[in-house]
Amino acid sequence: MPELPEVETIRRGIEPLVVNKVVDHVQIHNGSLRWPVPDVLVDVLPGQKARTVDRRSKYLLFYFEQGTLIVHLGMTGHLRLDASTSKRRKHDHVEIVFTDGTALRYNDSRRFGAILWTEKDPLQHVRLTDLGPEPLTSEFNAAYLYQLSRGRKIAVKPFLMDSHVVVGIGNIYASEALFRAGIAPVRPAGKVSKAAYERLAQSVTEILTEAIAAGGTTIRDFSNSEGRPGYFKQKLCVYGRAGQKCVSCEALVKQVKLGQRSTYYCPVCQR
Ligand SMILES: [Zn+2]
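So, about the side chain of Glu-176. As for its placement among the helices and strands, Glu-176 is situated in helix α5 (residues 171-181). Despite being buried, Glu-176 has no salt bridge partner; Arg-180 is the closest side chain of opposite charge, sitting 6.4 Å away. From its side chain, Glu-176 meets the backbone nitrogen of Cys-237 in a polar contact 2.7 Å long. Beyond its immediate sequence surroundings of up to four residues, Glu-176 is in contact with Ile-207, Lys-235, Leu-236, Cys-237, Val-238 and Tyr-239.

Here you go:
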């Protein structure tokens, strides 16, 4: 499943390929995604120019002149820019054909992704309005985490992965950030000190920034390609390393289930 850094990498790859292009027509071959693809796209998008491609959490926001296309890649979704005359691939469910003869194709074998449309402020859309702050903005900081977590018994890892707290921190990034900050993932969020949250906010920022940079260096050509960025190429310190030696001490990495998610940590380095 693409995580926030991958979605940001995709945004950076796709934006220059679609901005200032004008839609010629839209074809919905299979509109049964997580939510139905609105049929109205076929009528409203033609003639509109793509202005920018933005991101909120793991949603890509394609701003057109009269509205915004909100795209979520779900588990297996990806976007590709092809020549519109090239053969459609299996699972290409939606295509936006531009007047220059290119087509943005949405492919999704498991169809857990989504394509939505709004003519209002997309940030106020029902899927986006309740989301917590972006992790790479100044809104996300130690004071915010500390204040929000007081009195909370939930463990700090699921707290960090709650999209009402902060968006886009998946299992891998939460595990790695907690390791780097030296915080045990099982610790109640309300018992984590201000100083520890300083380290955690810092670690999250660093890890996501590194992942985006790694994605940027491995980005492929989104034209006529798989449309997938290079996935998390960073070295993982704890995630997926149960029973192996910790990278900074002699202890073995432990694995526990926390909120039904596999959780990895060093029992010595993380307190
Ligand atoms: Zn250790």
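Picking up after the structure, the text goes on.
Coordination of the zinc ion by the protein involves Cys-246 (SG), Cys-249 (SG), Cys-266 (SG) and Cys-269 (SG), with metal-donor separations of 2.2 to 2.4 Å. Of note is the zinc ion, whose 4 donor atoms meet at the metal with angles of 101 to 113 degrees in an arrangement that counts as tetrahedral. In the primary sequence, the donor residues of the zinc ion line up as C-x2-C-x16-C-x2-C. Residue Cys-246 is found in the loop between α6 (194-218) and β9 (254-258), and its partner Cys-269 is found in the segment after β10 (261-265); the two are separated by 23 residues along the sequence.

Taken together, the side chains of Met-1, Met-75 and Phe-112 make up a nonpolar region of the molecular surface, amounting to roughly 290 Å² of accessible area. As for its placement among the helices and strands, Met-1 is situated in the segment before α1 (4-18). Exposure remark for Met-1: the relative accessible area of 53% places this residue in the exposed category.

Cut-off values and rules
- Residues numbered from 1 in each chain as written.
- Predicted model: local features only at pLDDT ≥ 70, side-chain atom pairs only at ≥ 80, totals over all residues.
- Heavy atoms only, no water.
- Helix = DSSP H or I, 4+ residues; strand = E, 2+ residues; numbered from the N terminus.
- Buried < 20%, exposed > 50% of the residue type's maximum accessible area, 1.4 Å probe, protein only.
- Lys, Arg positive; Asp, Glu negative; His and termini not counted.
- Salt bridge = Lys/Arg side-chain N within 4 Å of Asp/Glu carboxyl O.
- Polar contact = N/O pair within 3.5 Å; in protein donor to acceptor, adjacent residues only side chain to side chain.
- Contact = heavy atoms within 4.5 Å.
- Donors = N, O, S within 2.8 Å, 3.2 Å for Na, K, Ca; no water.
- Tetrahedral: all angles 85-135°; square planar, octahedral: opposite > 155°, others 65-115°.
- Patch = residues over 30% accessible without salt bridge, like charges linked within 9 Å, V, L, I, M, F, W, Y side chains within 5 Å.
- Areas by Shrake-Rupley, 256 points an atom, 1.4 Å probe, with all protein chains shown as cover.

Purely geometric numbers; function is a separate question.
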